[in-house]
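Each chain, written out:
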Amino acid sequence: MNDPKALRALAHPLRWKLLDLLGVRGEATATACGEALVESVASCSYHLNILAKYGFIEEAPAGRGRDKPWRLASSRQSLSAEGLGVEGELAAEAATEVFLDHELGRLKARLRAASREPKRWREATGLTGVTTFLTQDELHSLTQELQELSQRYADRLDDPARRPPDSREVRIFVATTVAPPPAGSEPGGSLPANALPADAPSPADSKPAGQRRTR
């Protein structure tokens, strides 16, 4: 990614829905996208063209006529603003926030529908959150391991022939974050055992926290 405007193009919720749809279906026209997402064909066509303008999607080889099919140019989108200056950082922040809103909306919708899934599918899914203390090297290593694990079956998205007959679309979302350093401390420095990060609630407002896992 070398253009802040390309990052800014991802700061729209419908464009993330379109990218997801094309990723799962392989290709789709504006009409098909409108039907699947319950959006107008004109709106889908406009946003598909914006995504194409910045290289996120491209016309499928079999395209012909006005309602041409589109496909992803790549199944992976980078939201990094590395080397793009302040404008790029602001664009990346906007795109990331919209992506996270989109991701959280999908997660909530699927959790609401979980009770209607067969028992074995319910037991196969999970939601986990853990807070701990790591060094920079440990966090880097853990993040890489989680990313590699999440990509184990990624080739099945691009190649339907690799999908087992009883498989279904599944979403794997991975995120690791670091808390802001406590007020008055040096970034990257060691912290006293009783130090609280700058975004932590006051002791009076705190509740016991720990690992949470739900199925």
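Everything discussed here concerns the structure shown above.
What this report covers is the structure whose coordinates are included nearby. On a predicted model such as this, the values are computed, not experimentally measured, just so you know.

### Looking at a nonpolar patch on the surface
Here is step 1: A contiguous nonpolar surface patch, about 560 Å² in accessible area, is contributed by Trp121, Leu134, Leu142, Leu146, Val170, Ile172 and Val174.
Here is step 2: Inspection of the secondary structure assignment puts Ile172 in the loop between α8 (155-158) and β4 (212-214).

### A word on the pattern of salt bridges
Here is step 1: If you walk through the whole model with that rule in mind, you get nine salt bridges.
Here is step 2: As a salt-bridge pair, Asp20 and Arg106 come within 2.8 Å of each other at their nearest N and O atoms. Pair noted here: Asp20 is in helix α2 (residues 13-25) and Arg106 is in helix α5 (residues 85-113), with a separation of 86 residues, a long-range link.
Here is step 3: For Asp20, a relative accessible area of 22% translates into the label partly exposed.
Here is step 4: The salt bridge partner of Glu103 is Arg171, with a shortest N-O separation of 2.8 Å. On the criterion of sequence distance, the pair formed by Glu103 in helix α5 and Arg171 in the loop between α8 and β4 is long-range, its members being 68 residues apart.

### Structural notes on α2
Here is step 1: Between its terminal C-alpha atoms α2 stretches 19 Å, which fits the 18 Å expected from 13 residues at 1.5 Å a residue.
Here is step 2: Those residues of α2 lying buried are Leu14, Arg15, Trp16, Leu18, Leu19, Leu21, Leu22 and Gly23.
Here is step 3: Of the surrounding secondary structure, the elements contacted by the buried residues of α2 are α3 (30-37), α4 (41-53), β1 (57-59), β2 (70-72), α5 and α8.
Here is step 4: Phi for Gly26, located one or two positions after α2, is positive at around 95 degrees.

### Focus: the environment of Val24
Here is step 1: Checked against the element boundaries, Val24 lands in helix α2.
Here is step 2: In contact with Val24, other than residues within four places in its own chain, are Leu157, Arg163 and Glu169.

### What to know about α3
Here is step 1: All of the buried residues along α3 are Ala30, Ala32, Cys33 and Gly34.
Here is step 2: Those residues of α3 that are buried are in contact with α2 and α4.
Here is step 3: Backbone geometry just downstream of α3 places Val38 in the positive-phi region, at approximately 55 degrees.

### Thoughts on the side chain of Thr143
Here is step 1: Counting through the fold element by element, Thr143 comes out in helix α7 (residues 136-150).
Here is step 2: For Thr143, a relative accessible area of 18% puts it in the buried group.
Here is step 3: Only 2.8 Å separates the side chain of Thr143 from the side chain of Thr176, close enough to count as a polar contact.

### Some thoughts on the packing of α2 against α5
Here is step 1: Direction vectors running N to C along α2 and α5 enclose 60 degrees, while the axes themselves pass 9 Å from each other. With respect to α5, the axis of α2 lies oblique. Relative to α5, α2 is oriented so that their crossing is right-handed. Judged by residue contacts, Pro13, Trp16, Lys17 and Asp20 of α2 engage Ala95, Val98, Phe99, His102 and Arg106 from α5.
Here is step 2: When the residues that make up the contact of α2 with α5 are grouped by side-chain class, the tally is five nonpolar, one polar and three charged.

### A closer look at the environment of Pro13
Here is step 1: Looking at where Pro13 falls in the secondary structure, it is placed in helix α2.
Here is step 2: Separated by 82 residues in the primary sequence, Pro13 and Ala95 have C-alpha atoms spaced 9.3 Å apart.

### Focus: the packing of aromatic side chains
Aromatic ring pairs: the centre-centre distance and the angle between the two ring planes describe each pair.
Here is step 1: Per the counting criterion, the structure on display carries two aromatic pairs.
Here is step 2: Ring plane angle 50 degrees and centroid distance 4.9 Å describe the contact between Trp16 and Phe99, whose orientation is recorded as tilted. With a gap of 83 residues between them, Trp16 in helix α2 and Phe99 in helix α5 connect regions that are remote in the sequence. Comparing Trp16 with Phe99 shows no difference in burial state: the two are buried.
Here is step 3: For the pair Phe99 and Phe173, a centre-to-centre distance of 6.3 Å together with 50 degrees between the ring planes defines the contact as tilted. Of the two residues, Phe99 sits in helix α5 while Phe173 sits in the loop between α8 and β4, which places them 74 residues apart along the sequence.
Here is step 4: Overall, the relative accessible area of 16% leaves Phe99 in the buried class.

Procedures and definitions
- Residue positions are given per chain, counting from 1 as you read along its sequence in written order.
- In view of the model being predicted, local features appear only for residues whose pLDDT reaches at least 70, and side-chain atom pairs are presented and counted only at 80 or more, with totals across whole chains, interfaces and linings using the full set of residues.
- Side-chain measures were taken over the full set of non-hydrogen atoms in the model, leaving aside hydrogen atoms and water.
- Patches draw on residues past 30% relative accessible area with no salt bridge. Two like charges within 9 Å are joined, as are two nonpolar side chains (Val, Leu, Ile, Met, Phe, Trp, Tyr) within 5 Å.
- Note on areas: Shrake-Rupley, 1.4 Å probe, and residue coverage restricted to the protein chains presented here.
- Counted as salt bridges are all cases of a side-chain nitrogen of Lys or Arg within 4 Å of a carboxyl oxygen of Asp or Glu.
- To qualify as a helix, a DSSP run of H or I must reach at least 4 residues; to qualify as a strand, a run of E must reach at least 2; elements of each kind are numbered from the N terminus.
- Only protein chains enter the calculation, and the probe is 1.4 Å; a residue is then buried if its accessible area is under 20% of its type maximum, exposed if over 50%, and partly exposed in between.
- To estimate how far a helix should extend, the number of its residues minus one is multiplied by 1.5 Å.
- Contact between two residues is taken to exist if any of their heavy atoms lie within 4.5 Å; hydrogens are not considered.
- Polar contact criterion, stated in full: a pair of N or O atoms within 3.5 Å, where within protein one must be able to donate a hydrogen and the other to accept it, and residues adjacent in sequence count only if both atoms are side-chain atoms.
- Angles here are taken between N-to-C directions and fall from 0 to 180 degrees, while the axes themselves are lines fitted to C-alpha atoms, restricted in helices to the stretch in contact.
- Here the word oblique covers every angle except those under 35 degrees (roughly parallel), over 145 (roughly antiparallel) and from 65 to 115 (roughly perpendicular).
- Note on convention: near helix rotated counterclockwise from far helix by under a right angle means a left-handed crossing. Clockwise means right-handed.
- Following the grouping adopted for this structure description, the nonpolar residues are Ala, Val, Leu, Ile, Met, Phe, Trp, Tyr, Cys and Pro, the charged ones are Asp, Glu, Lys and Arg, and the polar ones are all others, Gly among them.
- Between rings of Phe, Tyr and Trp, where Trp is taken as its six-membered ring, a pair exists when centres lie within 6.5 Å; planes separated by under 30 degrees are stacked, by over 60 edge-to-face, and by other angles tilted.

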